[in-house]
Amino acid sequence: MALSWSNDYRNYSGFGWSGGYGRFNDHHYSAFREVDLHCQTNNNKHHTSEISVKQLIVRRGQPFNITLKMAKPFNPDSDQLIMKAETGKYPSEKQGTMSLFGVPDKVERSFSAKAVWKIELQKNNVPEPTILYLNITPPADTPIGEYKLSAQLRAEEKELAKLSVLFNPWCSDDWVFLPNEEEREEYVMNEHGIIYTGADHYISKLFWDFGQFEEDMVQICLKILDLNIKHKRDPADDVSARCNPIYVSRVISNMINNGILEGNWSNDFRYGKPPTHWSGSYAILKQWYASLCSTVKYGQCWVFAGVMCSVMRLLGIPCRVVTNFQSAHDTNQNLIVDNYYDEYGVKDKATRDSIWNFHVWVEGWMRRPDLADDGRYDGWQVLDATPQEKSEGLNCCGPAPVKAILNGDTHLKYDVPFVFAEVNADCVNWQIKRDGYKIKMSSDTKTVGQHISTKRPGSNQRLDITDTYKHREGTEQERNVFRYALDRLANGTRGGHFNGVTYTLHRNEAPQLTVQFEQESTPVNGQDVNLKLVLNSEDSAARKLSINISVQAMSYTGKPVANIQNQVIEKKLLPGRDLIVPIHVPYSTYNKHMVHCKSMTISAMITDLNNEDHIYLATERMVLKDPPITITVSDKARVKNSMSARVAFTNPISKILRHCTLTLSGRGLFYGEKTFKLPDLMPNQRLLVKLNIVPYKSGEKTLLVDFDCASFRDIKTSCIVHVKP
């Protein structure tokens with residue numbers, strides 16, 4: 001599908017074309033002489049001029065204007081101009097993919113015609129009977145996509161133009177209508193954003209370039225829709241269903257992980273780029289499109305979410321990226337995550353359930369009349385492009401209403417049980433004895449679903465939206481919703497199953513032993529990690545304790561990558577006194593295990609030797625901060641004028657950094673990515689790279705920098721650049 005308008009009209013034998021204005025080459029013999037699409041004016045009014053002013057891109061439910069010059073005067077009393085708009089290979093009035101309308105509107109339509117376009121003949125101050133000023137409106141339920149617009153006068157029919165129609169969050173009749181202007185500017189128009197990563201106590205910002213308004217993004221995103229599996233099975237029904245943002249968002253959720261991006265949660269990225277490499281969506285989508293739609297390697301959850309957000313925003317569905325910290329992956333839909341540890345506190349790699357440090361999805365804004373007539377489930381909907389569990393046979397997730405998740409309505413579609421578990425599941429910790437016997441050590445109803453975060457509209461501050469997903473932990477209302485959700489699962493739900501496991505909740509008695517970790521300093525990759533284990537007991541007698549301390553390298557998905565070190569000691573805890581156990585993890589010990597992951601878990605398994613049935617577990621997830629990298633830019637930045645930038649980084653370790661590269665990106669500053677190979681960096685040596693950048697668009701832009709080497713993967717920084725026209 002070609003949506004590059006200048007190319008379309010240069011190659012079409014019926015037109016002489018330039019910038020939205022066309023003269024028909026056979027105009028000497030035709031009733032139609034010229035057409036002007038007023039691309040710049042229309043696109044400005046339809047909030048699409050950031051994409052292009054050379055091709056007509058409009059939003060449904062909103063009028064646009066074209067001018068049609070005729071060979072002879074047009075008389076609406078005696079002449080009938082019939083217009084036709086059609087999309088897809090099998091256009092049909094019944095399916096809303098073809099519409100007939102005219103001046104005057106005496107067109108004979110099918111009785112079952114859907115999504116009928118409207119047209120008005122505008123009056124002009126200077127009457128010119130050969131020039132028609134036409135005002136055309138695609139209805140608010142028009143299927144989105146590329147349309148062919150043609151006109152018929154008497155026996156002659158002429159193709160006038162091709163145009164793209166998108167969803168319209170500015171139109172109150174559109175299901176994606178978002179009433180707040182500041183939110184529209186953020187969730188539709190903003191090409192830059194922040195994705196939150198790290199862990200619940202180590203929240204970090206990843207600046208992301210969505211780039212949804214790059215000029216070829218329309219054709220890229222429509223190509224995504226045309227390659228989905230439902231289109232291949234029934235293209236007519238698929239194109240017709242594109243009137244519905246619920247359907248379109250599910251298609252996008254599936255396509256992102258089923259053709260565009262390949263997920264990879266191993267440490268082997270030799271056949272592509274590691275997920276941490278990416279700083280924006282456009283480079284991924286451009287590579288996919290330019291390679292004849294070959295899958296791009298590789299992505300993980302934040303990359304899937306970033307790319308999906310770009311596609312949603314381009315198509316006109318308000319969208320934001322959301323991060324859930326301490327996110328549960330409940331594989332059997334019993335709302336419980338079981339964690340298994342051996343007798344030394346080492347976490348079992350074979351656990352199917354897991355708690356991710358963080359998980360990233362998107363929310364799309366739309367109405368849900370399929371669930372309720374009163375609008376109770378309208379608004380933000382969770383959509384997850386990361387391939388985890390199947391939904392109706394496909395790797396997709398959502399849209400699941402956030403309001404349904406808050407209320408525990410796990411019987412509703414789509415995939416509410418899975419998302420509810422991600423933010424609400426309870427945890428049970430087990431010790432596995434050498435003979436396979438399991439001992440339940442503790443239950444935890446509060447760990448999962450922390451600091452659910454998104455970027456605040458109009459600023460770079462974090463917005464905590466946890467209260468939109470769940471009631472406050474520890475409240476009776478939160479427990480009541482949990483029990484209600486579990487009951488709905490037990491009594492049947494769409495798209496899932498209940499495995500028969502029940503769980504009786506109870507309040508644990510106050511622990512007789514208090515165990516906690518305290519950091520001595522911020523953990524930084526390249527430096528030794530130091531912290532201490534602090535134990536305290538209210539008992540009046542001394543207690544002899546066996547303390548097993550395990551340090552493991554962990555993927556952000558909660559899966560152990562490697563055992564770094566173990567320590568077993570016996571200590572006596574005196575009444576009323578803190579027992580402090582220092583923990584030291586040298587860089588030389590952890591570095592080889594932490595190249596592809598930045599998270600480590602320290603576990604302490606404590607056994608009361610006076611009563612070996614009393615077992616206590618404490619865990620601490622630590623995310624290592626990257627070594628610092630800085631970027632500075634010159635104050636003067638203008639379109640098409642060279643500006644300078646300086647990137648500085650110091651090797652913090654006593655070994656040579658090899659295979660160093662520097663990648664820069666940022667919409668309006670670079671077309672795609674620019675990668676530079678750098679020389680090896682000696683121990684404690686400072687790297688200083690000077691660059692010249694020529695911006696091609698004005699406004700506030702984000703310069704994104706990625707430094708990569710064999711020892712430290714993808715250290716990122718960014719800065720704001722104010723580019724003047």
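Residues numbered from 1 in each chain as written. Predicted model: local features only at pLDDT ≥ 70, side-chain atom pairs only at ≥ 80, totals over all residues. Heavy atoms only, no water.

(A) Main features of the pairing of strand E7 (residues 98-103). Within E7, six of the six residues are buried, which leaves the element mostly enclosed by the surrounding structure. Neither face of E7 is exposed, since Met98, Leu100 and Gly102 on one face and Ser99, Phe101 and Val103 on the opposite face are all buried. (Buried < 20%, exposed > 50% of the residue type's maximum accessible area, 1.4 Å probe, protein only. Helix = DSSP H or I, 4+ residues; strand = E, 2+ residues; numbered from the N terminus.)

(B) A look at helix H8 (residues 282-290). Where H8 is concerned, the buried positions are Tyr282, Ala283, Ile284, Leu285 and Trp288. With its phi angle positive at about 60 degrees, Leu292 sits one or two positions after the end of H8.

(C) Looking closely at the pattern of salt bridges. Overall, the coordinates contain 35 salt bridges when judged by the stated rule. Note that Asp79 is salt-bridged to Arg154, the shortest N-O span being 3.1 Å. Highlighted residues: Asp79 in the loop between strand E5 (64-70) and strand E6 (81-86) and Arg154 in the loop between strand E10 (145-153) and strand E11 (156-166), separated in sequence by 75 residues. Overall, Asp79 belongs to the buried group, its relative accessible area being 11%. Asp226 serves as the salt-bridge partner of Arg242, at 2.9 Å between the closest nitrogen and oxygen. Here Arg242 is found in the loop between helix H6 (235-241) and helix H7 (245-260), whereas its partner Asp226 is found in helix H4 (residues 217-226), with 16 residues between them in sequence. Neither residue differs from the other here; Arg242 and Asp226 are each classed as buried. (Salt bridge = Lys/Arg side-chain N within 4 Å of Asp/Glu carboxyl O.)

(D) Layout of the nonpolar core. Membership of the largest hydrophobic core comes to 65 residues, with the highest contact counts inside it found for Val248, Ile252, Ile256, Trp302 and Leu315. A total of twelve residues in this core trace back to one element, the largest contributor, which is helix H9 (residues 301-315). Setting aside its immediate chain neighbours within four residues, Trp302 contacts Ile195, Leu206, Trp208, Pro275, Thr276, Phe358, Val360 and Tyr556. Ranked by size, the runner-up nonpolar core spans 63 residues in total, among them Tyr587, Met643, Leu664 and Cys709. (Core = buried A, V, L, I, M, F, W, Y, C linked by side-chain atoms within 4.5 Å. Contact = heavy atoms within 4.5 Å.)

(E) Main features of the sheet that holds strand E35 (residues 673-678). Pairing is antiparallel across the open sheet formed by four strands, whose spatial order is E35-E34-E37-E38. Either end of the sheet is taken by a strand with one partner, and the two such strands are E35 and strand E38 (715-723). Sheet twist, expressed as the average angle between the axes of neighbouring strands with direction ignored, equals 20 degrees. (Pairing = 2+ DSSP bridges. Axes fitted to C-alpha atoms, helices over the stretch in contact; angles between N-to-C directions.)

(F) Structural detail: the sheet that holds strand E32 (residues 629-633). Spatially, three strands are ordered E32-E33-E36 in an open sheet, and the strand pairing comes out antiparallel. For this open sheet the edge positions go to E32 and strand E36 (686-693), each flanked by a neighbour on one side alone. Between one strand and the next, the sheet's axes are offset by a mean angle of 15 degrees, whatever the strand orientation. Examined bridge by bridge, E32 and strand E33 (residues 643-650) share five bridges and lie antiparallel to one another. Residue pairing across strands places Thr630 opposite Ala648, the latter belonging to E33.

(G) Inspection of empty space enclosed by the protein at higher detail. For the structure on display, the rule yields five cavities of 30 Å³ or more. A volume near 100 Å³ is recorded for the largest cavity. Around the largest cavity sit Asp209, Glu214, Gly280, Tyr282, Ala283, Ser665, Gly666, Arg667, Phe670, Gly672 and Glu673, which together line it. The residue inventory of the lining of the largest cavity, partitioned by class, reads three nonpolar, four polar and four charged. If you add up the space inside the second largest cavity, you get close to 60 Å³. Lining of the second largest cavity is provided by Glu186, Tyr187, Gly193, Ile194, Phe210, Arg313, Arg320, Val321, Thr454 and Lys455. Elements with a contribution of two residues or more to the lining of the second largest cavity: helix H3 (181-189), strand E12 (192-199), strand E16 (319-329) and strand E23 (450-455). In terms of residue class, the lining of the second largest cavity is built from four nonpolar, two polar and four charged. (1 Å grid on protein atoms, 1.4 Å probe; cavity = no way out; pocket = protein on both sides within 12 Å on 5 of 7 lines; lining within 4 Å. Points joined across faces, edges and corners; volume = space filled by probe spheres on them. Nonpolar A, V, L, I, M, F, W, Y, C, P; charged D, E, K, R; others polar.)

(H) The layout of surface pockets, seen in detail. Roughly 1,200 Å³ of internal volume is contained in the second largest pocket. As for the second largest pocket, its lining consists of 46 residues, and the residues nearest its centre are Thr197, Ser204, Thr276, Lys598 and Asp626. Elements represented by at least two residues in the lining of the second largest pocket include exactly E12, strand E13 (202-209), strand E18 (354-366), strand E37 (699-708) and E38. Counting residues per element, the lining of the second largest pocket draws most heavily on E13, at six residues. Grouping the constituent residues of the lining of the second largest pocket by class yields 23 nonpolar, 16 polar and seven charged.

(I) Geometry of the packing of aromatic side chains. Taken as a whole and judged by the stated rule, the model has 15 aromatic pairs. Both rings, one in Trp117 and one in Tyr147, keep their centres 5.2 Å apart while their planes meet at 50 degrees; by these two values the pair is tilted. Placement of Trp117 in the loop between E7 and strand E8 (118-122) and of Tyr147 in strand E10 is noted, with a sequence separation of 30 residues between them. The class for Trp117 is buried, based on a relative accessible area of 1%. Geometrically, the ring pair formed by Tyr671 and Tyr696 is stacked, given 3.9 Å between the ring centres and 10 degrees between the ring planes. Of this pair, Tyr671 sits in the loop between strand E34 (660-665) and E35 while Tyr696 sits in the loop between E36 and E37; the two residues are 25 residues apart in sequence, bridging distant segments of the chain. Looking at Tyr671, the relative accessible area reads 61%, which means it is exposed. A residue is classified by how much of its surface remains accessible, and Tyr696, at 16% relative accessible area, is buried. Grouped by ring-pair contacts, the aromatic residues Trp302, Trp356, Phe358 and Tyr556 constitute a single cluster. The lysine or arginine in question, Arg313, covers the ring of Phe210, its NZ or CZ lying 4.6 Å from the ring centre. (Phe/Tyr/Trp six-rings, centres within 6.5 Å; stacked < 30°, edge-to-face > 60°. Lys NZ or Arg CZ within 6 Å of the ring centre and 35° of its normal.)

(J) Summary view of the packing of H4 against H8. It is the contact of H4 with H8, at a shortest axis distance of 10 Å, that shows an interaxial angle of 65 degrees. For the element pair H4 / H8, the angle class is roughly perpendicular. Considering only the axes of H4 and H8, their crossing is left-handed. Contact residues: Met217, Gln219, Ile220, Lys223 and Ile224 in H4; Tyr282, Leu285, Lys286, Trp288 and Tyr289 in H8. For the contact of H4 with H8, a count of residues per class yields seven nonpolar, one polar and two charged. (Parallel < 35°, antiparallel > 145°, perpendicular 65-115°, else oblique. Left-handed = near helix turned anticlockwise from the far one by under 90°.)

(K) Just unusual backbone geometry, in detail. The omega torsion of the bond from Lys297 to Tyr298 falls at 10 degrees, within 30 degrees of zero and hence cis. One non-glycine residue, Ala115, lies in positive phi territory at about 50 degrees. Ala115 gets classed as buried once you look at its relative accessible area, which sits at 10%. Positive phi, normally seen in glycine, also occurs at His451, with a value near 50 degrees. Looking at the secondary structure, you find His451 in strand E23. Its relative accessible area of 28% is what places His451 among the partly exposed residues.

(L) The arrangement of the packing of H4 against H9 in detail. Relative to each other, H4 and H9 sit at 105 degrees, their axes nearing to 10 Å. With respect to H9, the axis of H4 lies roughly perpendicular. Judged by residue contacts, Met217, Val218, Cys221, Leu222, Ile224 and Leu225 of H4 engage Ser310, Val311, Leu314 and Leu315 from H9. For the contact of H4 with H9, the class distribution of residues is nine nonpolar, one polar and no charged.

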